[in-house]
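Here is what each chain is made of, one letter per residue.
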Amino acid sequence: MDTTPFTSPNGPTRRRMLGAALALGAAAPLGLASTARADAPTPPSSIPGPAAGRLTLPGPTGPHRVGTVALHLRDTSRPDPFAGPGRYRELMASVWYPAERADELPLAPWMTGGAMRAYLDDFGFKLPLSATPLTAGHLGAPVHRTGHRTGHRLPVVVYSHGAHSHRAINTVTVQELASHGYVVVTVDHTWDAFTEFPDGRVLTPWIDGAPGLGPRDYAADARFVLDCVEEIAAGRNPDMDGKPLPDGLLGAPDPLDVGMFGWSKGGSATAAVTMADRRVRAGLSIDGPMQAITVTDLDRPFLMLTAEFGRDRNPDAVTFWNHLRGWRRNIQADGVRHSSYSDAAPLMPQVAELLGLPAQQVQQMVGTLPADSSVRIQQAYPLAFFDLHLRHRRGSLLDGPSPRFPEVKFLP
């Protein structure tokens with residue numbers, strides 16, 4: 001395995017602050033859900049103060065309900081020496097998709113109970129499971145069938161998380177894409193994620209002797225997930241336990257219409273996969289450091305959404321940018337930090353008010369970009385990118401600066 005170390009700026013401090021808030025059960029409704037199209041004007045939102053209950057995430061803006069199901073996967077081509085003799089690499093993934101007949105089904109939690117407990121116990125906090133945020137994903141809901149009736153499959157996006165993180169950290173973007181008709185597959189990178197398996201095993205990034213995974217390991221996981229997408233598209237269930245899949249999911253993904261995005265180390269992995277695997281038609285990196293990857297010329301579309309690893313301070317990002325030969329954009333919002341383009345942005349205002357954190361401490365984690373602006377950026381720009389390059393739906397958002405997003409700059 002690739003053992004190249006990677007440490008994101010201020011990572012432990014950020015996770016500790018978020019963990020503290022979750023452990024204390026901070027909550028505040030964000031009021032950001034909308035039925036507006038991604039290219040339609042969005043009115044400004046404000047974040048109210050915290051209330052008793054659970055943390056909340058903003059709802060997606062698309063026309064569809066969202067369904068989700070977890071998958072337990074095994075890659076029999078890759079022995080995992082850290083799991084024990086004769087063991088192969090195991091991964092937990094989630095599939096998100098447009099759903100129907102979903103309202104009577106429960107909403108999926110942001111993280112499973114065991115993974116969430118480990119996430120907080122890592123910092124010495126006790127977990128009230130009732131405080132875990134809920135997502136917009138209805139567990140096991142049937143896939144929306146409009147596309148199938150017209151003979152069309154659903155475009156696919158694969159997601160890769162950052163170092164010492166988990167597959168839920170960009171749920172705002174994931175469920176937004178699903179609500180607009182995408183199948184999105186998120187994956188926990190075992191040994192560098194807080195992840196829970198169906199048999200109750202919980203693995204964390206901090207287990208003694210656990211490997212230091214690099215972007216190439218993440219990329220290998222993502223390419224195996226692409227294989228699993230092809231299995232589902234062919235009508236076969238890749239779940240190693242034979243768990244039944246939601247009605248309509250088999251055959252729904254389009255294996256010829258695939259994109260990928262990732263945050264932090266997952267952004268670097270996205271670059272690596274897009275360069276190496278032509279199944280990925282378009283790639284999006286959210287502040288990926290672009291470290292420890294083999295850079296070659298890339299002729300497919302690529303969007304860089306940068307913050308602390310922008311080209312003004314990161315030579316690896318410059319090298320990668322200079323090898324982009326197709327459609328390319330580099331955008332960056334004012335006042336962002338590394339975590340500004342993640343679920344930390346909508347959660348931290350709730351944390352701050354409950355705990356009385358000073359603005360300086362909050363800004364250390366998520367910058368000065370307002371949370372409602374961050375949410376709208378996380379929803380609008382990835383959707384516009386994949387709509388353009390997977391669905392050939394042209395809008396104006398990626399052509400240049402927009403009055404809707406005055407904080408977003410297009411970097412030459």
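Basis of the calculations
Residues numbered from 1 in each chain as written. Predicted model: local features only at pLDDT ≥ 70, side-chain atom pairs only at ≥ 80, totals over all residues. Heavy atoms only, no water. Helix = DSSP H or I, 4+ residues; strand = E, 2+ residues; numbered from the N terminus. Contact = heavy atoms within 4.5 Å. Pairing = 2+ DSSP bridges. Axes fitted to C-alpha atoms, helices over the stretch in contact; angles between N-to-C directions. Parallel < 35°, antiparallel > 145°, perpendicular 65-115°, else oblique. Left-handed = near helix turned anticlockwise from the far one by under 90°. Nonpolar A, V, L, I, M, F, W, Y, C, P; charged D, E, K, R; others polar. Salt bridge = Lys/Arg side-chain N within 4 Å of Asp/Glu carboxyl O. Buried < 20%, exposed > 50% of the residue type's maximum accessible area, 1.4 Å probe, protein only. Core = buried A, V, L, I, M, F, W, Y, C linked by side-chain atoms within 4.5 Å. Expected span 1.5 Å × (residues − 1). Right-handed = clockwise from strand over helix to strand, strands pointing away.

**Student:** It is not clear to me how the side chain of T190 should be interpreted in this structure. Could you clarify?
**Tutor:** Relative to the assigned elements, T190 resides in the loop between β6 (183-187) and β7 (195-196). Beyond its immediate sequence surroundings of up to four residues, T190 is in contact with R89, E90, L91, F197, L203 and L213.

**Student:** Explain the sheet that holds strand β5 (residues 154-160) here, please?
**Tutor:** Pairing between the strands of a sheet comes from backbone hydrogen bonds, and it takes one of two forms, parallel or antiparallel. In space, the 11 strands of this open sheet follow the order β3-β4-β1-β2-β6-β5-β9-β10-β11-β12-β13, with mixed pairing throughout. Pairing within the sheet leaves two strands with one partner each, and these edge strands are β3 (107-109) and β13 (408-410). Across the sheet, the axes of successive neighbouring strands diverge by a mean angle of 30°, strand direction being ignored. Direction of pairing for β5 relative to strand β9 (residues 253-263): parallel, over a ladder of six bridges. For S160, the partnering residue across the bridge sits in β9 and is G262. Contacts from helix α5 (residues 215-233) reach β1 (65-79), β2 (88-99), β5, β6, β9 and β10 (280-286) within the one sheet, and its direction differs from that of β1 by about 115°. In the packing of helix α10 (residues 371-390) onto the sheet, the strands contacted are β5, β9, β10, β11 (302-305), β12 (328-333) and β13, and the crossing angle to β10 comes to about 160°.

**Student:** So what exactly am I meant to see when it comes to the packing of α5 against helix α6 (residues 265-276) here?
**Tutor:** The description of two packed helices rests on the angle between their axes and on the distance between the axes. Two numbers describe how α5 lies on α6: the axes approach to 8 Å, and their chain directions differ by 60°. As far as their axial angle goes, α6 and α5 are oblique. The interaxial crossing formed by α5 with α6 has right-handed handedness. Here α5 contributes P215, Y218, A219, A222, R223 and L226 to the contact with α6, which in turn contributes K265, G266, S268, A269, A272, V273 and A276. Looking at the contact of α5 with α6, its residues break down into nine nonpolar, two polar and two charged.

**Student:** Just checking my understanding: could you explain the pattern of salt bridges for this structure?
**Tutor:** Between side chains of opposite charge, a pair can form as their charged atoms come close. Taken as a whole and assessed by the stated rule, the structure comprises 27 salt bridges. We note a salt bridge from D299 to R300, for which the minimum N-O separation is 3.5 Å. For D299, a relative accessible area of 47% puts it in the partly exposed group. Here E308 ties to R337 by a salt bridge, and the two come within 2.9 Å at their closest N and O atoms. Of this pair, E308 sits in the loop between β11 and α7 (315-322) while R337 sits in the loop between β12 and α8 (344-355), and the two are 29 residues apart along the sequence. Residue classification places E308 among the buried positions, given a relative accessible area of 11%. Assessed through its relative accessible area of 23%, R337 is described here as partly exposed. Each member of the salt-bridge network shares a partner with another, and the members are D75, R78, D80, R89 and D221.

**Student:** When you look at the environment of R117 in this model, what are you seeing that I'm missing?
**Tutor:** The residue R117 is located in helix α2 (residues 113-121) in this model. Residues R117 and T132, 15 residues apart in the sequence, show an inter-C-alpha distance of 9.8 Å.

**Student:** Even after reading the chapter, I still don't get the environment of G212, so can you show me in this structure?
**Tutor:** Here G212 is to be found in the loop between β8 (202-203) and α5. Each C-alpha atom, one on G212 and one on A163, is 9.5 Å from the other, the two residues being 49 residues apart in sequence.

**Student:** I'm lost on the nonpolar core in this one. Help?
**Tutor:** Among the nonpolar cores identified, the biggest contains 50 residues, and W110, F261, Y381 and F386 are the most heavily contacted of them. Elements that contribute at least two residues to this core include exactly α2, β5, α4 (171-179), β9, β10, β11, β12 and α10. It is α10 that contributes the most residues to this core, 10 residues altogether. In contact with F261, other than residues within four places in its own chain, are V157, V158, Y159, S160, N170, T173, V174, L177, T270, L284, I286 and F386. Grouped together as the second largest cluster of nonpolar side chains are 44 residues, V225, C228, V229 and A252 included.

**Student:** In this structure, what is going on with unusual backbone geometry? I would like to understand it.
**Tutor:** Leaving glycine out, the prevailing phi sign among residues is negative, and the prevailing peptide bond configuration is trans. In the Ramachandran plot, H164 falls in the positive-phi region, its phi being about 55° despite a non-glycine side chain. When you line up the elements, H164 lands in the loop between β5 and α4. Judged by its relative accessible area of 24%, H164 falls in the partly exposed class. Unlike most non-glycine residues, S264 shows phi in positive territory, near 60°. As for its placement among the helices and strands, S264 is situated in the loop between β9 and α6. Here S264 falls in the buried class, since its relative accessible area comes to 1%.

**Student:** Explanation requested: α6 in the structure shown.
**Tutor:** In an α-helix there are 3.6 residues to a turn, and that puts residues three or four apart on one side. Between its first and last C-alpha atoms α6 spans 17 Å; for 12 residues at 1.5 Å apiece the expected length is 16 Å, and the two agree. In terms of burial, α6 is a largely internal element, 11 of the 12 residues being buried. The elements touched by buried residues of α6 are β5, α5, β9, β10, β11 and α7.

**Student:** Looking at this model, I keep getting lost on the pairing of β10. Mind explaining?
**Tutor:** A regular strand carries its side chains on alternate faces of the sheet. Across the seven residues that make up β10, a large majority, six, are buried. In the sheet, β9 pairs with β10 via six bridges, with the strands oriented parallel. Across the sheet, residue M260 finds its bridge partner in β10, namely G283. Following the chain from β9 across α6 to the adjacent parallel β10, one finds a crossover that is right-handed. Bridge count between β10 and β11: four bridges; the pairing is parallel. Across the sheet, the residue bridging to I286 is L305, located in β11.

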